[in-house]
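# Report on the structure
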Amino acid sequence: MDYAFHVIAAACVFFFLLFLAGIITFWLFRCRKPKITPQTQKPVSTTTATTTELSSIKVVDQSASFDPNLEFSMTELREATKDFSPEFIIGGGSFGTVYKAQLSNGVTVAIKRLNPDAFKGFREFWAEMVTLGMLHHPNIAKIFGYCMSGSDRHLIYEFFQNGSLDRWLHLEPTLTLSWGTRIQIVKGVANGLSFLHSLDKPIAHQNIKSRNVFLDFDFQAHITDFGLARGIDNSTSYASTQSADTMGYCYMPPEYKEGLTSATLEADVYSFGILMFEITTGKRPNLPTLLDGKEVGIVEWARKMLAQDKHMQMVDTSLRKDGLIEAHVKEYFEIAKMCASEVRRERPTMAMVFQLLIPIPT
Ligand SMILES: Nc1ncnc2c1ncn2[C@@H]1O[C@H](COP(=O)(O)OP(=O)(O)OP(=O)(O)O)[C@@H](O)[C@H]1O
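The structure presented is a predicted model; accordingly, all values stated were derived computationally and were not measured.

We now examine the environment of His328. The topology assignment puts His328 in helix 12 (residues 326-339). As for His328 and Val186, which are separated by 142 residues in sequence, their C-alpha atoms are 14 Å apart. For His328, the residues in contact, after removing those within four places along its chain, are Ile360 and Pro361.

If you want it as structure tokens, here you go:
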């Protein structure tokens, strides 16, 4: 009897302790796991939010500024663009329409209005927010803030007077860039990428191409479009079909075409190598070139031309060649070739590339 009483008492104590441990574990777990909501993700300096009840639909207007000197609201954006009138449109991409507007304080901005129904747009939106809002570098496009109204989302960027690099290289034949300006742009992109890759938590841009490089009034390069940017310190990966879709197939390294799906810094280096060839040869990387009667891609063409010491013939035909120093041209293309190596591990780091580029004068 006495023995049975002890067994029952021990069992009661045991189950009580088990119950207590369960409750403690449950609370600890709840406290540690952050709620992922826009509010907790915003790396912002100022935010405002207003809520309007429209019959049964709740519309939340939310805006945030990463610049302490600027404040936004949907009302201000609507006023600045005459309610997003077409006359303010300066371009469009896969994620929405871009408007040029002047804010009430006189600052000119580019407003990217994301397609409301694009699921990918929302992911892009937060990727750009979280990444760009935190970064400050002269070669990384500045994002001033964002405005949201219900499913309407707008990113507010620094406006770049000279538009995108691909405009200067391919879209408007009357526009040309000198050799020196091209080198300055290459150095700027290398510097920006080197900065991203050297962060405590390195960031792989994943979408380096001439459309994603913008030029300011002074032709300094600014890297933009961080929609696919990824930290590489975790196991984040994405489907290769998605990267093929958005990264620009011709800038994509061979390992991605062979099925690799994780974000890597070496992939950015490869894309940068293609960009280097594109900038000084004026060739579109997505179009084949005729070499010895055969159509080849830009990398194969460049390798064969360099093997035959034909680096001067690689330079954009629209460029004046007088004053160009052959040794610099050769050095430049050799760096591009290293970056565009088929073998991932043979590519230099962006920090090394930037150092190698420094002696080439602009
Ligand atoms: N900050 C900016 N300053 C000046 N012009 C801009 C700016 N942002 C975008 N534009 C203009 O809007 C166009 C579209 O830009 P956006 O970034 O939306 O698309 P994209 O990068 O060209 O295409 P995708 O997003 O499909 O890769 C650009 O080509 C450029 O003409």
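This part covers the site of the ligand. Around the ligand sit 18 residues in total, of which Gly91, Gly93, Ser94, Val98 and Ala110 are the nearest. For the shell around the ligand, the secondary-structure elements that each account for two or more residues are strand 3 (89-93) and strand 5 (108-114). Element by element, the count of residues in the shell around the ligand is highest for strand 3, at four residues. Classifying every residue of the shell around the ligand gives eight nonpolar, seven polar and three charged. Residue-level mapping places the shell around the ligand at the junction of two domains, with at least three residues from each of domain 1 (61-158) and domain 2 (165-357).

Turning our eyes to something else, we now look at the environment of Leu114. Looking at the element boundaries, Leu114 is found in strand 5. The exposure class of Leu114 is buried, given the 23 C-beta atoms found within 10 Å. On a C-alpha basis, the gap between Leu114 and Gly293 in space is 45 Å, while along the polypeptide they are 179 residues apart.

Moving on to the nonpolar core. With 73 residues, the main nonpolar core has Ile156, Tyr157, Val189, Phe272, Met276, Ala336 and Cys339 as its most contacted residues. The element that contributes the greatest number of residues to this core is helix 9 (residues 265-281), accounting for ten residues. When residues are assigned to domains, this core turns out to be shared by domain 1 (61-158) and domain 2 (165-357), each giving three or more. Among residues more than four places away in sequence, those in contact with Val189 are Asn139, Val213, Ala221, Ile223, Phe272 and Leu275.

The rules behind these values
Just so you know, the residues in each chain are numbered from 1, in the order the chain's sequence is written. Where totals are concerned, whole chains, interfaces and linings use all residues; where local detail is concerned, this predicted model gives features only for residues with pLDDT of at least 70, and gives and counts side-chain atom pairs only at 80 or more. Here a strand is any run of E in DSSP of at least two residues, a helix any run of H or I of at least four, and the numbering for each starts at the N terminus. Note on contacts: each residue gets a C-beta atom placed from the backbone, and two residues are in contact if those atoms are within 7 Å. A residue counts as near a molecule or strand when its C-beta atom, positioned from the backbone, falls within 6 Å of it. Gly is put with the polar residues, along with every residue not named as nonpolar or charged; the nonpolar set is Ala, Val, Leu, Ile, Met, Phe, Trp, Tyr, Cys and Pro, and the charged set is Asp, Glu, Lys and Arg. What fixes the domain bounds is an automatic or database domain assignment. The exposure label follows from counting other C-beta atoms within 10 Å of a residue's C-beta, where the C-beta atoms are placed from the backbone and the thresholds are 20 or more for buried and 12 or fewer for exposed, leaving partly exposed in between. Each nonpolar core reported here comprises buried Ala, Val, Leu, Ile, Met, Phe, Trp, Tyr and Cys residues connected via C-beta atoms within 7 Å.

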